[in-house]
Amino acid sequence: MKKKIIWIIIWVILLVLILLWFFAYKSMNDYTNIIKLNWWIEIPKEAKYHEIYSKDSWGSFHWDGIRYHVYTYENEDVVESMLKWLKPHSETVVVPTVFYDSYMEAIINWLNELEIDDEYSPSITDFESFYYEKQEDNSEIVIIKSEKKILYVIESFL
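Residues numbered from 1 in each chain as written. Predicted model: local features only at pLDDT ≥ 70, side-chain atom pairs only at ≥ 80, totals over all residues. Heavy atoms only, no water.

**Q** Got a minute to help me understand a nonpolar patch on the surface in this structure?
**A** A cluster of nonpolar residues, Met1, Ile5, Ile8, Ile9, Val12, Ile13, Val16, Leu17 and Leu20, forms a patch on the protein surface that exposes about 910 Å² of accessible area. As for its placement among the helices and strands, Val16 is situated in helix α1 (residues 2–28). Look at Val16 and you get partly exposed, because its relative accessible area is 42%. (Patch = residues over 30% accessible without salt bridge, like charges linked within 9 Å, V, L, I, M, F, W, Y side chains within 5 Å. Areas by Shrake-Rupley, 256 points an atom, 1.4 Å probe, with all protein chains shown as cover. Salt bridge = Lys/Arg side-chain N within 4 Å of Asp/Glu carboxyl O. Helix = DSSP H or I, 4+ residues; strand = E, 2+ residues; numbered from the N terminus. Buried < 20%, exposed > 50% of the residue type's maximum accessible area, 1.4 Å probe, protein only.)

Here it is, written out as structure tokens:
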């Protein structure tokens, strides 16, 4: 009888561990969770987003390099309130980056380095607004909001 109870306990523990692993894997498979952990930027589920493209250049053992993700979304209001968006075509908006004079120059060079498929490369003409952030270690993120309800997320890790 005692062996039977021990086996039941072992199977219950094993089942719980498998379920925990499954839900943790499912959660970490969504790259927006990684963005939230790295940058404290959350793309809310209420935006009804869906990732349609991703590419990275794992530069080295340290996982530096460029990461690029493209999301479509449905709820414009949620995305609009998610960040403090800047207008890209304003003459007063120039974001200094580590190696480039402007955010546009950085984006173009990062995307050229990744060799993005033309279908998923942002068109400069349909940029509605963007968000830029730079961390102390000189890692940078640019999120571009397109008029076509598309978010382009470009990260550069040094």
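**Q** Explain unusual backbone geometry to me, please; I cannot follow it from the model alone.
**A** The phi angle of most residues is negative, glycine excepted, and most peptide bonds adopt the trans form. Even without being glycine, Lys48 reaches a positive phi, approximately 55°. Summarising the element assignment, Lys48 is placed in the loop between α2 (31–39) and β1 (50–58).

**Q** Hey, could you run me through α2 in this one?
**A** At 3.6 residues per turn, the α-helix brings residues three or four places apart onto the same side. Looking only at α2, the buried set comprises Tyr31, Thr32, Ile34, Ile35 and Trp39. Buried residues of α2 fall within an arc of 150° about the axis and therefore sit on the same side. Trailing α2 by a residue or two, Trp40 shows a phi angle of about 60°, which is positive. (Arc of directions from axis to C-beta.)

**Q** Hey, could you run me through the pairing of strand β4 (residues 140–146) in this one?
**A** Working note: regular strand, side chains alternate between the two faces of the sheet. In terms of residue burial, β4 counts as a mostly covered element, since seven of its seven residues are buried. Residues Glu140, Val142, Ile144 and Ser146 line one face of β4 and the alternating positions Ile141, Ile143 and Lys145 line the opposite face, and both faces are buried. Of the pairings in the sheet, the one linking strand β3 (residues 127–134) to β4 comprises seven bridges and is antiparallel in character. Within β4, the position partnered with Tyr132 by the bridge is Val142. Turn length for the β3-β4 hairpin, with the two strands adjacent in sequence and antiparallel, is five residues, and the turn residue Asn138 shows positive phi of about 70°. Bridge count for β4 against strand β5 (residues 150–157) is six bridges, and the pairing is antiparallel. Its bridge partner lying in β5, Ile143 is registered against Val153. In this structure, the hairpin formed by β4 and β5 is closed by a connection of three residues, where Lys149 is found at a positive phi of approximately 60°. (Pairing = 2+ DSSP bridges.)

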